[in-house]
Amino acid sequence: MPGGKHVLGQGKNRVFGTARVGDRGQIVIPQEARRYFGISPGDTLLILGNEKSGLVVTKPEVLHELADEILGKEEENDADGKHV
């Protein structure tokens, strides 16, 4: 677990600090958050949001897992279309 001075909270929800938006719309994710969530340079992140709740930045795998939970995992098929 990270122990940096910017990390607040001890449960599942944490505050890792703030990020300033640069002129090109870029932000820097705090180092403690990158370590905690295993985010590396070149990774793709998913940006979700709505007017009421704001933005969510997450790994795309989160939605895959959620979709599997909601829709149920389909059986995998091999190259010939047979169930594996």
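Residues numbered from 1 in each chain as written. Predicted model: local features only at pLDDT ≥ 70, side-chain atom pairs only at ≥ 80, totals over all residues. Heavy atoms only, no water.

Caption draft 1: Seen up close, the overall build of the protein. A count of helical and extended segments in the protein gives 2 helices and 2 strands. Along the protein, helices and strands appear, N-terminal first, in the series α-β-β-α. Counting all 84 residues of the protein, 10% fall into the buried class. A sequence separation of at least 24 residues applies to 10% of the contacts in the protein between residues at least 6 apart. Summing over all exposed atoms, the protein offers an accessible surface of approximately 7,700 Å²; the carbon and sulfur share of this is 51%. (Helix = DSSP H or I, 4+ residues; strand = E, 2+ residues; numbered from the N terminus. Buried < 20%, exposed > 50% of the residue type's maximum accessible area, 1.4 Å probe, protein only. Contact = heavy atoms within 4.5 Å. Areas by Shrake-Rupley, 256 points an atom, 1.4 Å probe, with all protein chains shown as cover.)

Caption draft 2: Spotlight on a nonpolar patch on the surface. Together, Leu 48, Val 56, Leu 63, Leu 66, Ile 70 and Leu 71 make up a nonpolar patch on the protein surface, roughly 560 Å² of accessible area in all. Top contributing element to the nonpolar patch by residue count: helix α2 (residues 61-71), with 4 residues. By the secondary structure assignment, Leu 63 is in helix α2. Here Leu 63 falls in the partly exposed class, since its relative accessible area comes to 34%. (Patch = residues over 30% accessible without salt bridge, like charges linked within 9 Å, V, L, I, M, F, W, Y side chains within 5 Å. Salt bridge = Lys/Arg side-chain N within 4 Å of Asp/Glu carboxyl O.)

Caption draft 3: How the structure looks around the layout of surface pockets. Here the largest pocket defines a volume of roughly 730 Å³. Broken down by secondary-structure element, the contributors of at least two residues to the lining of the largest pocket are α1 (31-37) and β2 (54-58). Considering each element in turn, the lining of the largest pocket owes the most residues, 4 residues, to β2. Its residues assigned to classes, the lining of the largest pocket comprises 16 nonpolar, 4 polar and 3 charged. (1 Å grid on protein atoms, 1.4 Å probe; cavity = no way out; pocket = protein on both sides within 12 Å on 5 of 7 lines; lining within 4 Å. Points joined across faces, edges and corners; volume = space filled by probe spheres on them. Nonpolar A, V, L, I, M, F, W, Y, C, P; charged D, E, K, R; others polar.)

Caption draft 4: Region of the structure containing the packing of aromatic side chains. Enumeration according to the criterion identifies 3 aromatic pairs in this entry. Ring geometry for Phe 16 and Tyr 36: centres 5.6 Å apart, planes at 50°, overall tilted. Placement of the pair is Phe 16 in the segment before α1 and Tyr 36 in helix α1, with a sequence separation of 20 residues. Measuring from centroid to centroid gives 4.9 Å for Tyr 36 and Phe 37, while their planes differ by 80°, and the two rings are edge-to-face. Given a relative accessible area of 34%, Tyr 36 falls into the partly exposed group. Since its relative accessible area comes to 45%, Phe 37 is described here as partly exposed. Among the aromatic residues, those joined into a cluster by ring pairs are Phe 16, Tyr 36 and Phe 37. (Phe/Tyr/Trp six-rings, centres within 6.5 Å; stacked < 30°, edge-to-face > 60°.)

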